[in-house]
Amino acid sequence: PGAPGRRSLYLRRALGIGHRPRFRVDVRAVASLSAEDLAARPVVVLNDVPPPAHAGRRLREFVEKGGGLLVALGEQSAGGWPAEGATLLPGAVGSAADRSADWGGTLAHLDYAHPVFELFRGPRSGDFSSARFFRYRSLDAKEGVLARFDDGQVALAEKKVGKGLVLIWTSTLDTFWNDLPLQPVFLPFLHQLVKHAGGHVESRPWYTVGDALDLSAEPELQGREAAVVTPSGQKQRLPAAQRALELAAPGFYEVRRLEEGGWARLAAVNLDPSESDLAALDPE
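Each value, and the rule that gives it
Residues numbered from 1 in each chain as written. Predicted model: local features only at pLDDT ≥ 70, side-chain atom pairs only at ≥ 80, totals over all residues. Heavy atoms only, no water. Helix = DSSP H or I, 4+ residues; strand = E, 2+ residues; numbered from the N terminus. Expected span 1.5 Å × (residues − 1). Buried < 20%, exposed > 50% of the residue type's maximum accessible area, 1.4 Å probe, protein only. Contact = heavy atoms within 4.5 Å. Pairing = 2+ DSSP bridges. Axes fitted to C-alpha atoms, helices over the stretch in contact; angles between N-to-C directions.

## Topic: helix 5 (residues 186–197)
Then, number 1: Taking 1.5 Å per residue, 12 residues should reach 16 Å; helix 5 reaches 16 Å between its end C-alpha atoms and fits that length.
Then, number 2: Most of helix 5 sits inside the fold, with 10 of its 12 residues counted as buried.
Then, number 3: Residues of helix 5 that are buried make contact with helix 1 (9–16), strand 1 (43–47), strand 2 (68–72), strand 7 (154–161) and strand 8 (164–169).
Then, number 4: Glycine 199 lies just past helix 5 and shows a positive phi near 65 degrees.

## Some words on the sheet that holds strand 1
The pairing of strands in a sheet comes from backbone hydrogen bonds and takes either a parallel or an antiparallel form.
Then, number 1: An order of 1-2-8-7-6-4 is seen for the 6 strands of this open sheet, with the pairing classed as mixed. On the outer flanks of this sheet lie strand 1 and strand 4 (107–110), each paired with one strand and no other. Across this sheet, the average inter-strand angle for adjacent strands is 15 degrees, counted without regard to direction.
Then, number 2: For strand 2 and strand 8, the ladder comprises 5 bridges, and the chain directions are parallel. Bridge pairing links leucine 70 to leucine 167 in strand 8.

## Here's the deal with the pairing of strand 8
Consecutive side chains of a regular strand alternate in pointing toward one face of the sheet and then the other.
Then, number 1: Taken across its 6 residues, strand 8 has 6 buried, putting it largely inside the fold.
Then, number 2: The alternating pattern of strand 8 places Gly164, Val166 and Ile168 on one face and Leu165, Leu167 and Trp169 on the opposite face, and all of these are buried.
Then, number 3: Here strand 7 runs beside strand 8; their pairing, made up of 6 bridges, is antiparallel. Bridged to lysine 159 within strand 8 is valine 166.
Then, number 4: Between the end of strand 7 and the start of strand 8, which pair antiparallel, lie 2 residues, with glycine 162 showing a positive phi angle near 60 degrees.

What follows is the structure, given as structure tokens:
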């Protein structure tokens with residue numbers, strides 16, 4: 001409430017740059033958060049705000065059903081969490097540590113085996129140590145800690161709730177409490193956070209003739225029949241009980257839901273490139 005628009009500037013612009021996948025960002029005032037705002041969205045970001053009392057239960061149901069929640073703590077987000085919302089957090093949120101006297105704290109421990117940080121595990125893949133954190137909230141998290149500051153305080157933690165996931169960042173996502181948004185790692189780090197919170201998995205760019213297209217993870221097809229258009233233009237039905245499609249020819253396969261329409265999946269199929277290898281065969 002009363003926060004200027006620039007408080008979400010870095011967040012919106014960083015997500016606006018993404019292309020694999022693309023991010024569509026809808027901004028809402030926390031007081032007007034409704035059930036409709038949570039529908040058909042994979043991730044909710046609470047940017048330095050606690051959820052309002054009327055939305056605590058809805059937010060918990062959203063996460064339990066598979067939604068992702070990213071919480072950035074700051075000046076206004078420590079108190080006021082409703083009971084339903086507070087149970088989503090991996091630990092109790094405490095007071096803010098002020099490190100401005102010693103030129104700010106740094107990130108000293110990162111779990112590079114975790115999907116959020118594995119992108120940065122190689123040499124020259126991103127340096128978090130140059131970012132300075134002048135203030136951050138204490139978080140009493142015993143499990144799921146992914147990053148810590150140089151004084152041992154939790155910087156990032158996660159908690160699984162039902163089918164969904166909650167990620168807690170104990171500082172801000174702007175330059176109010178730190179200068180991380182000014183560092184080159186901010187953009188890919190934020191992308192990794194949102195993708196992990198939303199359970200995003202990169203789909204294969206193409207398939208090889210003889211592969212099978214697995215449709216078991218498509219929620220839009222659960223218990224529904226589908227229509228398949230093969231590269232030759234032939235149409236066939238895919239029964240509701242069949243969740244895999246054999247890709248027998250090169251070209252494009254199009255899978256569409258028979259009822260209600262709207263959903264479609266396109267699969268590009270190529271010949272096996274190893275068959276084009278012109279190297280001489282061993283006579284043996």
